[in-house]
Amino acid sequence: MNASQYYIAKDKVLAEVTLPTPSGVKIEQGSSGVYTIWADRNLGATNVIKGDTGSYGDFFIWSDVTTIYSSRDWTATSQEAVLSFKPGWEDGYTVANIPYYNTTTGKCDKYNDIDGKKILDPVDDAIQVAFPGSGWRMPTYEEISALSTISKSTDSYSIMFTTSDPEPQTVWFPKAYIVNGVAYGYADANKIDGTNGLRIWSSRAAFSKGEDSSLGNDSWESRAMRFIDLSQAENGSRRYGVAVRPVIDE
């Protein structure tokens, strides 16, 4: 695997990272003959060991390209991490910390009705910033939705999707996300279960009511599309800490 260097603006840190490893799972986009390949782990994950906190990766506010915490102190019993926030971000996952958020209007000054942008620009896509020019990026709303077309299974730690053609390949996602400023792993029964214990961001801003009466939200300009359990689309606040998974076109 090749190494790439990236610049984290908020930290002023230059870091060397390894490009994502393809999982082998590729899904056709409709009947277009174009396939999307999924990476084997979330951005920031250090391993692919089920139940290990290193498999969770990092948690991002939508449109942010780095985390607002500097460390996560995990406890072995509850899988609950106490976050240490970076200077200037001590108030945690509040709307004021959403990139481009305007406290006067209560909306974001980018990805709104004025600019009409619905898909993250490369400078606001954490994966494209981490691996510039590599082709890896955050998945679209449609690409995550397409996961529902292949076989799905769950266990205590993860949700797995397996293809059968031309040979079985599996990509799995750990059950973990940040709730109200605290990162929860698979074992916290009060916060995580097999139904709603997993969140992943798409690269799409939220739907407005005019676009989709069922998924839309009148305050979509501070919201984005994420997925619960990788099957249920959710019009959620951009402020939450949610994982991102690299994808690349075949």
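In this report, we go over the structure that sits alongside the text. For clarity, every value in this text was computed on a predicted model and none was experimentally measured.

Tracing the backbone shows Thr-67 in the loop between strand E4 (35-39) and strand E5 (69-74). A distance of 3.0 Å separates a polar atom in the side chain of Thr-67 from the backbone oxygen of Tyr-69.

Taking strand neighbours across the sheet as the criterion, the three strands line up as E14-E15-E16 in an open arrangement whose pairing is antiparallel. Unpaired on one side and paired on the other, strand E14 (199-205) and strand E16 (232-237) mark the two borders of the sheet. When strand polarity is set aside, the average angle formed by the axes of neighbouring strands in this sheet is 35°. The sheet contact formed by strand E15 (residues 223-228) and E16 spans six bridges and is antiparallel. Residue Met-225 lies in a different strand from E16, and its bridge partner there is Asn-235.

All right, on to the nonpolar core then. Core analysis: the largest hydrophobic core is formed by 41 residues, its most contacted members being Trp-38, Leu-43, Trp-62, Leu-147 and Phe-173. When residues no more than four places from it in sequence are discounted, the contact partners of Leu-43 are Gly-57, Asp-58, Phe-60, Ala-126, Ile-127, Ala-130, Phe-131, Val-244 and Pro-246. Grouped together as the second largest cluster of nonpolar side chains are 16 residues, Tyr-56, Ala-81, Leu-83 and Ala-183 included.

The rules behind each value
- Residues numbered from 1 in each chain as written.
- Predicted model: local features only at pLDDT ≥ 70, side-chain atom pairs only at ≥ 80, totals over all residues.
- Heavy atoms only, no water.
- Helix = DSSP H or I, 4+ residues; strand = E, 2+ residues; numbered from the N terminus.
- Polar contact = N/O pair within 3.5 Å; in protein donor to acceptor, adjacent residues only side chain to side chain.
- Pairing = 2+ DSSP bridges.
- Axes fitted to C-alpha atoms, helices over the stretch in contact; angles between N-to-C directions.
- Core = buried A, V, L, I, M, F, W, Y, C linked by side-chain atoms within 4.5 Å.
- Buried < 20%, exposed > 50% of the residue type's maximum accessible area, 1.4 Å probe, protein only.
- Contact = heavy atoms within 4.5 Å.

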